[in-house]
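Chain by chain, the residues run as shown.
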Amino acid sequence: MRRNFIAGCALFAASATLAQQVVVRKGGDGKIGISFAQFRSGSDSASQTFLSVLKADLNRSGYFTVTSQGAEIAVVGQVAGNASQMKAEVSVYKASNRQRMMGKSYSPAANLARKLAHQVADEILLAVTGKPGMAQAKLAVVGTRTGRKELYVFDIDGGNGQQITKDNSIVVGPKWTPDGKNITYTSHKAGYPNVYMTGQGRPVSNYKGLNSGGMVSPDGSSMAVILSRDGNPELYIKSLRSGQLQRLTRTKKVEASPCWSPDGNYLVYVSDETGRPHIYIISRNGGTPKRLSSSGTENVAPDWGKNGLITYCSRVGGKYRVVVADPRARTQRVLDTDWADYEDPCWAPDGRHIVCSRTASYRSAIYLLDTLKDSPVALISGSGDWYSPACSP
Amino acid sequence: MTKKFMKWFLFIAMAGSLVMMSGCRSKNKNNVDMYGSSGMIGDPLIGDVPLDGGFNDGLPMDGDRSLFPPVYFAYDSSQVNPEEAGKVEQVAQHLKKGKGQGVIIEGHTDERGSREYNLALGERRALAVRDFLISLGVNPSAIQTKSLGEEMPENMGHDEAAWRSNRRAVFAIY
């Protein structure tokens, strides 16, 4: 059952990639043509997986179009493997002057073909454009496939899905720890909403009342969390060393969804102290919060990217849309999306793409949005609903 | 300007703005504004009553939900409406007569909006009912709150009627 499900996801990702391919107009659409005409691949399954995942990753990156004609960049080399081991040699040349931009060889276990492809995709992108990629990122998502709400982890292309929790309960709001190794989430598995961290049996927060929205700080020392222990849901920072609590807000209303700034000096979060939920920024030392969102009847689910920009979900004209805000310049832009509801946006590590949930006709799937120009792409869909994606750093 | 002078200046400025803020608040109290008229249950101006310390290990996890009907809420509101107040009074009577050890108030929202925000809003609703029970003389330590956000709808529909019946606080008596 699980194997079929994962295979289904891989298939889906492949078809999504086909839809994304565009006709090459050299230099016209700003994409860099990249050719595999001089790259030889073995017929073993590891090699085939490596090549197809690599090409799909490059197309999905937004910077490349894999093509055999008029390419500006040539990938030269070979990949071969057997049941246990594989070997790949990858060089990247500029077609115009045969300048070598990258040359590496790899020999991982054959079952790591997908992982290697993601790594090579990010390395090629970095060598050619100098920009960070997202191909190696993981997605933590909540899925309803079993009839309960469990935590799952996928590769960002929607492949390699794994069910993480088997609690027969409710999982809300997963967030990665800054080292990308663990996930904090809210679960009712012990009856009351507690915050848990993968790999730890004991909850990381289980005060009386509400414990939710747990997110570990960039330096790993503390956790932002929403608690109602003082009689109302408020934003706190809990030291992960001493367990000591620092209360940041005092509003008599609802606070939710904290997310750290990349430098760990600020938190962005939701508060409805004015009567409607809006996005606020507060210093990690407390003080007066500053409101970021100005319009929309509902502004929720902020995520602060390493690029310094904050994405959040805003109800505009009766639909949930994704907003990108620059907290320094105080500018805000609503991304172009169709009639569906787009919620819970989070930045991919490339600082260009946003992963979010898309809900249409009461079914939810995970989508990739491009903040520059490409159309949305489905990443995880089918076999129940999928929502609340969190992208690993 | 010396540092000391700056400090005093800031202090006076802050005190001034506090006076202005409280002025606005008392004005609001006399109006029928978005929170309803003054003195409403769940009024955000009523002080918070801290949950009685510590962790939730060993708290009762379940109770009898069939004894009392749920309290229903308006959209995005955590205020107990006057027409729902009688339900809370019945629960208070029951507990004060010693017919139950205590109550778990389960706060729920409708499906619209962010799940994390709804989890906090469900807790706020449960706490508003808790504040009301406490004001009626129920011992705070006999009241537990548990938010389920939008995760456990009573009605699986996607229309106004479904949403109305899902915005609720349920009494589980233990």
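Only a predicted model underlies this, so the values are computations on that prediction, with no experimental measurement involved.

How each quantity is defined
Residues numbered from 1 in each chain as written. Chains lettered and ligands numbered in written order. Predicted model: local features only at pLDDT ≥ 70, side-chain atom pairs only at ≥ 80, totals over all residues. Heavy atoms only, no water. Domains from an automatic or database assignment. Contact = heavy atoms within 4.5 Å. Buried area = accessible area lost by both parts, 1.4 Å probe. Salt bridge = Lys/Arg side-chain N within 4 Å of Asp/Glu carboxyl O. Polar contact = N/O pair within 3.5 Å; in protein donor to acceptor, adjacent residues only side chain to side chain. Helix = DSSP H or I, 4+ residues; strand = E, 2+ residues; numbered from the N terminus. Nonpolar A, V, L, I, M, F, W, Y, C, P; charged D, E, K, R; others polar. Axes fitted to C-alpha atoms, helices over the stretch in contact; angles between N-to-C directions. Left-handed = near helix turned anticlockwise from the far one by under 90°. Phe/Tyr/Trp six-rings, centres within 6.5 Å; stacked < 30°, edge-to-face > 60°. Buried < 20%, exposed > 50% of the residue type's maximum accessible area, 1.4 Å probe, protein only. Lys NZ or Arg CZ within 6 Å of the ring centre and 35° of its normal. Expected span 1.5 Å × (residues − 1). Pairing = 2+ DSSP bridges.

Caption draft 1: Geometry of the domain arrangement of chain A. Residue and element names in this part refer to chain A. By the assigned domains, chain A splits into domain 1 (2–14 + 134–391) and domain 2 (32–129). Computed from C-alpha coordinates alone, the two centres of domain 1 and domain 2 are separated by 33 Å. Counting residues at the interface gives 13 residues for domain 1, matched by eleven residues for domain 2. Both sides together, the interface formed by domain 1 and domain 2 hides about 1,100 Å², and carbon and sulfur atoms give 48% of it. Per-residue buried area on domain 1 facing domain 2 is highest for A135, Q136 and D157; these three make up 44% of the total on that side. Across the contact surface, domain 1 and domain 2 share two salt bridges. The closest approach of N and O atoms between R114 and D157, which form a salt bridge, is 2.7 Å.

Caption draft 2: Summary view of the interface of chain B and chain A. Counting from both sides, the interface comprises 42 residues of chain B and, opposite them, 48 residues of chain A. Roughly 3,900 Å² of surface becomes buried between chain B and chain A when both sides are summed, with 56% attributable to carbon and sulfur atoms. Contact with chain A buries surface across chain B, with N56, E116 and Y117 of chain B losing the most and accounting together for 17% of the total. Here D76 of chain B makes a salt bridge to R276 of chain A, at a shortest N to O gap of 3.3 Å. The tally of links between chain B and chain A comes to 19 residue pairs in polar contact (both at pLDDT 80 or more). Put simply, the parts of the chain that give the side of chain B that touches chain A at least two residues each are α3 (115–135) and β3 (143–149) of chain B. With nine residues, the single largest contributor to the side of chain B that touches chain A is α3 of chain B. Grouping the amino acids of the side of chain B that touches chain A by side-chain chemistry returns 20 nonpolar, ten polar and twelve charged.

Caption draft 3: Structural context of the packing of helix α2 (residues 45–60) of chain A against helix α3 (residues 113–129) of chain A. All names here are of chain A. The interhelical angle for the contact between α2 and α3, taken along N-to-C directions, is 35 degrees, at an axis separation of 8 Å. Relative to α3, the crossing made by α2 is right-handed. Along the contact surface, α2 presents A46, T49, F50, V53, L54, D57 and L58, while α3 presents A113, R114, L116, A117, H118, V120, A121 and I124. Its residues assigned to classes, the contact of α2 with α3 comprises eleven nonpolar, two polar and two charged.

Caption draft 4: Inspection of the packing of aromatic side chains at higher detail. Residues and elements named next belong to chain A. Considering all chains together, one arrives at seven aromatic pairs over all chains under this definition. For the ring pair Y152 and W386, a centre distance of 4.9 Å and an interplane angle of 75 degrees mean the geometry is edge-to-face. Of this pair, Y152 sits in strand β8 (residues 150–155) while W386 is found in strand β29 (residues 386–391), placing the two residues 234 residues apart along the sequence. The class of Y152 is buried, set by a relative accessible area of 0%. The exposure class of W386 is buried, given its relative accessible area of 0%. It is R358 that lies over the ring of Y367; its NZ or CZ is 5.3 Å from the centre.

Caption draft 5: Broad picture of α3 of chain B. All names here are of chain B. For α3, which comprises 21 residues, the first-to-last C-alpha distance of 30 Å matches the rise-based estimate of 30 Å (1.5 Å per residue) to within 8%. Of all 21 residues making up α3, 20 are buried, and the element is well covered by its neighbours. Two or three places before E116, at the start of α3, stands the capping residue S114, its side-chain oxygen 3.4 Å from that residue's backbone nitrogen. Count one or two residues on from α3 and you reach G137, which has phi positive near 100 degrees.

Caption draft 6: How the structure looks around the pattern of salt bridges. Residue and element names in this part refer to chain A. As enumerated under the stated definition, the model contains 24 salt bridges over all chains in all. Ionic pairing is found between R114 and D155, a salt bridge with its closest N-O pair at 3.3 Å. In this pair, R114 is assigned in helix α3 and D155 in strand β8, connecting sequence segments 41 residues apart. We note that R114, like D155, is buried. Because the salt bridges share partners, they merge into one network encompassing K31, R352, D370 and D374.

Caption draft 7: Here's a closer look at the sheet that holds strand β16 (residues 245–247) of chain A. Residues and elements named next belong to chain A. Taken together, four strands build an open sheet; the order of strands is β13-β14-β15-β16 and the sheet is antiparallel. For this open sheet the edge positions go to β13 (211–216) and β16, each flanked by a neighbour on one side alone. The mean angle between the axes of side-by-side strands here comes to 25 degrees, regardless of whether they run parallel or antiparallel. In the sheet, β13 pairs with strand β14 (residues 222–227) via four bridges, with the strands oriented antiparallel. When the bridges of β14 are listed, N211 appears paired with L227.

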